[in-house]
Amino acid sequence: MLITVARYSLPYEAHLARARLEAEDIPAFVMDEHTINMQWLYSNALGGVRLQVPQGFEADAAAVLAENREPDLEDLEPTSSTRCPYCGSCDTHYHQIGRRCAFLVFLGIQFPLFPVRAGIRCESCGQISETGNNPS
């Protein structure tokens, strides 16, 4: 007999949890994924995609799913190597330049006239610059 140990809104979330359980030698099964894939609006009505394990494994499965593995991922996350041209900080992230203007023009005339360009935003000084450009 299978016991539901978790419910997810989207099938990929359930498959990630299933893979985590199977890595710990806990057999797991994803139920209702095809129904949710075909009619995603039914997800809440059906109770989402169910992750089930055989009876006797539910305590171990709940313990594995409750583990916080976020610190492990933070150690693996690469740091940004793009430096801010204004202050030299490496605390930067990708930022789209011109997206807001393009959206406002699209609302007004229903056609975006402004190109969206790639850039970086510095978390240290707050400046936004195009990738690879130096300030003038």
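Look up: the structure comes first, before these words.
Residues numbered from 1 in each chain as written. Predicted model: local features only at pLDDT ≥ 70, side-chain atom pairs only at ≥ 80, totals over all residues. Heavy atoms only, no water.

A. Layout of unusual backbone geometry. One non-glycine residue with positive phi stands out, namely Asp-25, at about 60°. Counting through the fold element by element, Asp-25 comes out in the loop between helix 1 (11-23) and strand 2 (29-31). Assessed through its relative accessible area of 68%, Asp-25 is described here as exposed. Phi angles above zero are rare outside glycine, and Asp-32 is one such case at about 70°. With respect to the secondary-structure elements, Asp-32 resides in the loop between strand 2 and helix 2 (33-38). (Helix = DSSP H or I, 4+ residues; strand = E, 2+ residues; numbered from the N terminus. Buried < 20%, exposed > 50% of the residue type's maximum accessible area, 1.4 Å probe, protein only.)

B. Spotlight on the nonpolar core. Ranked by internal contacts, the top residues of the largest apolar core, which has 13 residues, are Leu-21, Ile-26, Leu-51 and Val-53. Contributing elements (two or more residues each) for this core: helix 1, strand 3 (49-54) and helix 4 (58-66). (Core = buried A, V, L, I, M, F, W, Y, C linked by side-chain atoms within 4.5 Å.)

C. Geometry of a nonpolar patch on the surface. Among the surface-exposed residues, Trp-40, Leu-41, Tyr-42 and Leu-46 lie close enough to one another that they form a single nonpolar patch of about 500 Å² accessible area. Among the residues examined, Tyr-42 registers a relative accessible area of 46% and is labelled partly exposed. (Patch = residues over 30% accessible without salt bridge, like charges linked within 9 Å, V, L, I, M, F, W, Y side chains within 5 Å. Areas by Shrake-Rupley, 256 points an atom, 1.4 Å probe, with all protein chains shown as cover. Salt bridge = Lys/Arg side-chain N within 4 Å of Asp/Glu carboxyl O.)

D. Layout of the pairing of strand 3. A large share of strand 3 lies buried, amounting to five of its six residues. With six bridges connecting them, strand 1 (residues 2-8) and strand 3 associate as antiparallel partners. Opposite Thr-4, over in strand 3, you have Gln-52 as the bridge partner. Of the strand pairs in this sheet, strand 2 and strand 3 are connected by three bridges, and their pairing is antiparallel. What sits directly across from Val-30, in strand 3, is Leu-51. (Pairing = 2+ DSSP bridges.)

E. Molecular detail of the sheet that holds strand 3. One open sheet accounts for three strands, arranged 1-3-2; its pairing is antiparallel. On the outer flanks of this sheet lie strand 1 and strand 2, each paired with one strand and no other. Each strand of the sheet is rotated relative to its neighbour by a mean of 35°, with strand direction disregarded. Those strands touched by helix 1 are strand 1, strand 2 and strand 3, and its axis lies near 20° from that of strand 3. Of the strands in this sheet, strand 1 and strand 3 are in contact with helix 4, which crosses strand 1 at around 20°. (Axes fitted to C-alpha atoms, helices over the stretch in contact; angles between N-to-C directions. Contact = heavy atoms within 4.5 Å.)

F. Representation of the sheet that holds strand 4 (residues 92-97) within the structure. Taken in spatial order, the three strands of this open sheet run 4-5-6, and their pairing is antiparallel. In this open sheet, the two strands that pair with only one neighbour each are strand 4 and strand 6 (128-130). Along the sheet, successive strands turn relative to each other by an average axial angle of 40°, direction set aside. Strand direction decides the pairing type here: strand 4 and strand 5 (residues 117-122), joined by six bridges, are antiparallel. Pairing of Gln-96 across the sheet is with Ala-118, part of strand 5.

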